[in-house]
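Fold and geometry: a report
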Amino acid sequence: MTNRGSRIAENSPPPELSHFQELLDETDWASLATPYGTGESLPAALTRLLDLDPAVRAAAAKDALDEVTHQNSIYEATVPVALYVAAILNHPATAAGEHAHEADAQPRHPTRERLLDWLGYTAYDADDETVAIGERHFDDGFLDACPDMRAFRDLRPVIYFAVQPFLTSDDAKVRDAALIAAIPLAEHHALTEHRKGLADHARRLLSTSTDRYRRDRALDALNAWGHDTSTLENASDIAARELRTRMEDLWGTGDCVEDPPF
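Below or above, wherever it landed, is the structure these notes cover. All values reported here derive from a predicted model rather than from experimental measurement.

Parameters and conventions
Residues numbered from 1 in each chain as written. Predicted model: local features only at pLDDT ≥ 70, side-chain atom pairs only at ≥ 80, totals over all residues. Heavy atoms only, no water. Helix = DSSP H or I, 4+ residues; strand = E, 2+ residues; numbered from the N terminus. Buried < 20%, exposed > 50% of the residue type's maximum accessible area, 1.4 Å probe, protein only. Contact = heavy atoms within 4.5 Å. Areas by Shrake-Rupley, 256 points an atom, 1.4 Å probe, with all protein chains shown as cover. Salt bridge = Lys/Arg side-chain N within 4 Å of Asp/Glu carboxyl O.

Below, the discussion takes up the overall build of the chain. When you go through the chain residue by residue, the secondary structure sums to 12 helices and two strands. Listing each helix as α and each strand as β along the chain from the N terminus yields α-β-β-α-α-α-α-α-α-α-α-α-α-α. Going through the 262 residues of the chain one by one, you find that 44% of them count as buried. Of all intrachain contacts in the chain linking residues separated by at least 6 positions in sequence, the fraction that spans at least 24 positions is 67%. Summed over all atoms, the accessible surface of the chain reaches about 13,400 Å², with 51% contributed by carbon and sulfur.

A separate point is the pattern of salt bridges. Pairs can form between side chains of opposite charge whenever their charged atoms are close. Under the defined criterion, the tally for this structure stands at 16 salt bridges. A salt bridge links glutamate 113 to arginine 214; the shortest N-O distance between them is 3.0 Å. Taken together, the residues glutamate 113 in helix 5 (residues 111–125) and arginine 214 in helix 11 (residues 212–224) connect sequence positions 101 residues apart. Using a relative accessible area of 9% as the deciding quantity, one classes arginine 214 as buried. We note a salt bridge from aspartate 117 to arginine 214, for which the minimum N-O separation is 3.0 Å.

And the structure:
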């Protein structure tokens, strides 16, 4: 594993990620807390994520990922699930059977995009803004009180390098999902040098995508990294930004109450 205090250059070897079967077999899932009990049922659901039938994978994604996702929180079982998901991203089964001809009535279930989306949502649940909000409510000991979040944040470089190859995927939806997952992961200090490349990918997304959530995340990242986004915004972006500003003003006046992350 790369030293946590060092930066990882773009041409450096990625931190090591264990094989997915090793992660599955060597994790004591039943001892890990989830929002609904323990992770005892997770191995079966995670295994089905590699089924050749996309419908089976879609059901497995719901069973496995929803089991460790609740109220924007990181649980004991979240971290090993995230590592397993990262480890299977490049497995051929995560895209098997998803490119049927339009005449084929079989539904498509974009497993790889779904997995990348989940990694992105989870990374945002543990991002720097979340920590800053937590520290305002719980002083500087927020991460000490949230060891599972701290563990996920420490592993961001490992997960980032599993996501990185899909930034140039031929599948536009996978490519965009990879970028939105990579952005919060790249907040880790060891990944600073990767933000320039991500900025280029963000500009590309903004030139092609109409997805509101993904556009907001790309614009937010560029602004946070000091880039001028004035020529990248469209009318919808401006309207969304103005609405968000009005909502933030309401929060600032006390008409809304800021809740800490849970």
